[in-house]
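The lines below spell out each chain.
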Amino acid sequence: MSDQTEKFIVGAQEWCALPQLDVPVLKARVDSGARTSAIHAFNIHPFTRNSTLWVRFDIHPLQKSRRAIVRCEAPVTDRRIIKSSNGSSEKRFVITTALTLNGQTWDIELSLANRDTMGFRMLLGREAMSGRMLVDSADNFTLGCITDEEIELLYGNIANNRSDGLKIGILASDPKLYSNRRLMEAGEKRGHDMQFFNIRHCYMKLDADCPEVHYRDGRILNDLDAIIPRIRPSMTFYGCAITRHFESLGTFTCNSADAITRSRDKLYSLQLLQKRGLDIPITGYANSPSDTENLIDMVGGAPLIVKLLEGTQGRGVVLAETTKAAESVINAMKSLHANLLVQEYIKEAEGKDLRCFMIDGKVAAAIQRHAADGEFRANLHQGGRAELTKITQEEKQLAIKAVRTLDLNVAGVDIIRSERGPLLLEVNSSPGLEGIEAATGKDVASLMIESIERKMGVCRNQIAASPRQATAAAG
Ligand code: ADP
């Protein structure tokens, strides 16, 4: 490039083309803060052709739409650690390909980002500008606009044959469970291709170039857009390992493996919550039985609650009415090497607690649960009943702060009402849908699917009939 070449001005967004990849038009964000240009790609698979390394990948050329897919192939120029705008670094394939902008075509380096967090399908970095242009970031489409009709002409044929539905996997253990059935149903109703995967039947390939998740029936699950992990407590370790592997493929997960792992450890999550200043019942934890007496005093004496760290659905939660009973239960559990918490008993709650179903940091639905007669545990699995309730502003704030602290997109937050205000009992990363949908009449399953759509940039009105319906109609 000679210095005499006149530079042209580009705005913060421009339409460009990638002729060697058969991409006739693509909206790019011009970002001189980034060094290397990037394109959002998925199904990224390296392969060897004539002894050189190539990569095959798919792109969605249309912003906020997954209907058109262009399959691309290019020789690999490099594999490089690239730092994205949110500060995270990842190793990406880099290809060299022609870029057309303002009627000029030249080669640029393009990294393949497999995360759908760029906002734009393509970022044009400063290296690609190579002294040819100046950026006026206050302006957009300085080089001209492309109408919807023109885009329709260019991509219409590819897009018309596809629905904009997502491929969503439910990662769980029992397809017959109410919550799993409802999620399958809600996703299909909204036009998505829903598939159930038994966690036990998934396995993974760790490979820096091409990590994979396999299923027992021979399928490779790398082309899923999103997964909904519904991991039962006994499968936490393996379920989180599989979820983490999906994350490394760039698959969107409703809750991250790290957040699920954090929330599954009752002691650790209570430590995180109290560190954030959230009110919880006074809780004690000790390793040695010689500290039992002090532990009991610490939480205000009997009656008190003893909780197994690994317990769920109320199993492993015991009310010890007297100091003697408390000592016996704690020491008996300790002799079995069980990890347990000792907690002040919130008597005034009278066997009631609140369950807030949280989606994307907001209360999607809330119920009050009442324990059955003669029972202090309000869990529905312990015979409790649920009813619609209005929660206070303070309770709402507590629930919101709890999910923020544990970084969960979908969660059930349990709160108990005490004399000194609402106290946080625990946060569940796979909250059940049955009780909350029945008591509130809300379609919580669809709200969960909608949340995935928002995160994946799928507009609701773009979703066609479910793939099954579409096939039936075509047939
Ligand atoms: P799990 O994870 O097994 O559901 P929780 O800690 O949520 O365990 O306890 C189960 C139920 O026991 C709660 O829903 C609540 O009704 C009751 N409960 C738990 N902790 C206390 C407490 N400190 N005081 C009074 N009731 C409690």
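Here's a quick rundown of the structure. (Residues numbered from 1 in each chain as written. Predicted model: local features only at pLDDT ≥ 70, side-chain atom pairs only at ≥ 80, totals over all residues. Heavy atoms only, no water.)

## Description of the pattern of salt bridges
So, point 1. One pass over the structure, following the stated rule, counts 28 salt bridges.
So, point 2. For the salt bridge of Asp 78 with Arg 80, the shortest nitrogen-to-oxygen distance reads 2.8 Å.
So, point 3. On the basis of relative accessible area, Asp 78 is assigned to the partly exposed category, the value being 28%.
So, point 4. Note on Arg 80: relative accessible area 18%, which makes it buried.
So, point 5. In this structure, Glu 327 and Lys 324 form a salt bridge, with 3.4 Å as the shortest nitrogen-oxygen distance. Note that Glu 327 and Lys 324 are positioned in helix H8 (residues 323-335) at a spacing of three residues, about one turn of the helix.
So, point 6. By relative accessible area, which is 22% here, Glu 327 ends up partly exposed. (Salt bridge = Lys/Arg side-chain N within 4 Å of Asp/Glu carboxyl O. Buried < 20%, exposed > 50% of the residue type's maximum accessible area, 1.4 Å probe, protein only. Helix = DSSP H or I, 4+ residues; strand = E, 2+ residues; numbered from the N terminus.)

## Digging into the nonpolar core
So, point 1. Core analysis: the largest hydrophobic core is formed by 38 residues, its most contacted members being Leu 18, Phe 57, Leu 99, Leu 101, Leu 112, Met 122 and Leu 124.
So, point 2. Those residues in contact with Leu 18 that sit more than four places away from it in its chain are Val 23, Leu 26, Ile 39, Thr 97, Ala 98, Leu 99, Leu 110 and Met 122. (Core = buried A, V, L, I, M, F, W, Y, C linked by side-chain atoms within 4.5 Å. Contact = heavy atoms within 4.5 Å.)

## Focus on the side chain of Thr 251
So, point 1. Secondary-structure assignment places Thr 251 in the loop between helix H4 (236-249) and strand S17 (252-253).
So, point 2. Setting aside residues up to four positions removed in sequence, Thr 251 forms contacts with Leu 224, Asp 225, Ala 226, Ile 227 and Phe 246.

## Thoughts on unusual backbone geometry
So, point 1. Here the amide bond leading from Ala 302 into Pro 303 is cis, since omega sits at -5 degrees, within 30 degrees of zero.
So, point 2. Position of Pro 303 relative to the elements: it lies in the loop between helix H7 (292-298) and strand S19 (304-308).
So, point 3. Although it is not a glycine, Asn 50 sits at a positive phi angle of roughly 45 degrees.
So, point 4. Its place among the elements puts Asn 50 in the loop between strand S5 (42-49) and strand S6 (52-59).

## With respect to the site of the ligand
So, point 1. Surveying the vicinity of the ligand reveals 22 residues, the closest of which are Lys 307, Gly 314, Asp 353, Asn 379 and Glu 426.
So, point 2. Gln 313 places a polar main-chain atom, nitrogen or oxygen, 3.2 Å from an oxygen atom of the ligand.
So, point 3. Taking Glu 426, its side chain carries an N or O atom lying 2.4 Å from an oxygen atom of the ligand.
So, point 4. Protein burial of the ligand: of its 540 Å² of free accessible surface, 98% is covered by the chains.
So, point 5. Listed by contribution, the elements that provide at least two residues to the shell around the ligand are S19, strand S21 (340-344), strand S25 (410-418) and strand S26 (421-428).
So, point 6. Taken together, the residues of the shell around the ligand break down into eight nonpolar, six polar and eight charged.
So, point 7. Two domains share the shell around the ligand, each providing at least three of its residues, namely domain 3 (282-345) and domain 4 (350-455). (Near = heavy atom within 4 Å. Polar contact = N/O pair within 3.5 Å; in protein donor to acceptor, adjacent residues only side chain to side chain. Areas by Shrake-Rupley, 256 points an atom, 1.4 Å probe, with all protein chains shown as cover. Nonpolar A, V, L, I, M, F, W, Y, C, P; charged D, E, K, R; others polar. Domains from an automatic or database assignment.)

## Overview of a negative patch on the surface
So, point 1. On the surface, a cluster of negative charge is contributed by Asp 148, Glu 149, Glu 150 and Glu 152.
So, point 2. With respect to the helices and strands, Glu 150 occurs in helix H2 (residues 148-160).
So, point 3. Glu 150 gets classed as partly exposed once you look at its relative accessible area, which sits at 38%. (Patch = residues over 30% accessible without salt bridge, like charges linked within 9 Å, V, L, I, M, F, W, Y side chains within 5 Å. Lys, Arg positive; Asp, Glu negative; His and termini not counted. Charge placed at Lys NZ, Arg CZ, Asp CG, Glu CD.)

## Describing helix H9 (residues 393-406)
So, point 1. Here H9 spans 20 Å end to end across 14 residues, near enough to the 20 Å set by a 1.5 Å rise per residue.
So, point 2. Restricting attention to buried positions, one finds in H9 the residues Glu 395, Leu 398, Ala 399, Ile 400, Ala 402, Val 403, Thr 405 and Leu 406.
So, point 3. Of the surrounding elements, those touching the buried residues of H9 are helix H5 (257-264), helix H6 (266-275), strand S22 (352-359), S25 and S26.
So, point 4. Where H9 ends, the next residue or the one after it, Asp 407, has phi of about 60 degrees, a positive value. (Expected span 1.5 Å × (residues − 1).)

## Overview of the packing of helix H3 (residues 178-189) against helix H11 (residues 444-455)
So, point 1. Where H3 meets H11, the closest approach of the two axes is 8 Å, and the angle between their N-to-C directions is 60 degrees. One element, H3, and the other, H11, form an angle in the oblique class. As H3 runs across H11, the sense of the crossing is right-handed. Contacts from Arg 182, Leu 183, Ala 186 and Gly 187 in H3 reach Ala 445, Ser 446, Met 448 and Ile 449 in H11.
So, point 2. In the contact of H3 with H11, the residues fall into five nonpolar, two polar and one charged. (Axes fitted to C-alpha atoms, helices over the stretch in contact; angles between N-to-C directions. Parallel < 35°, antiparallel > 145°, perpendicular 65-115°, else oblique. Left-handed = near helix turned anticlockwise from the far one by under 90°.)

## A few points about H11
So, point 1. A rise of 1.5 Å per residue sets the reference length of H11, with its twelve residues, at 16 Å; its end C-alpha atoms lie 17 Å apart and thus fit the reference within 8%.
So, point 2. Where H11 terminates, the next one or two residues include Gly 457, which has phi positive at roughly 70 degrees.

## Section: the packing of aromatic side chains
So, point 1. Counted under the stated rule, the structure contains four aromatic pairs.
So, point 2. Taken together, a centroid distance of 6.2 Å and an interplanar angle of 35 degrees make the contact between Phe 47 and Trp 54 tilted. In this pair, the class of Phe 47 matches that of Trp 54, namely buried.
So, point 3. With a centroid separation of 6.4 Å and an interplanar angle of 85 degrees, the aromatic rings of Tyr 345 and Phe 376 are classed as edge-to-face. Of this pair, Tyr 345 sits in the loop between S21 and S22 while Phe 376 sits in the loop between strand S23 (362-370) and strand S24 (385-388), and the two are 31 residues apart along the sequence. (Phe/Tyr/Trp six-rings, centres within 6.5 Å; stacked < 30°, edge-to-face > 60°.)

## Observations concerning the sheet that holds S25
So, point 1. Read from one edge of the open sheet, five strands run S24-S23-S22-S25-S26, paired in antiparallel fashion. At either end of the open sheet lies a strand with only one pairing partner, and these are S24 and S26. This sheet shows a mean twist of 30 degrees between the axes of neighbouring strands, independent of strand direction.
So, point 2. Inspection of the sheet shows S25 paired to S26 by seven bridges, in the antiparallel sense. Opposite Asp 414, over in S26, you have Glu 426 as the bridge partner.
So, point 3. In this fold H11 packs onto S22, S23 and S25, with an angle of close to 35 degrees to the strand it touches most, S22. (Pairing = 2+ DSSP bridges.)

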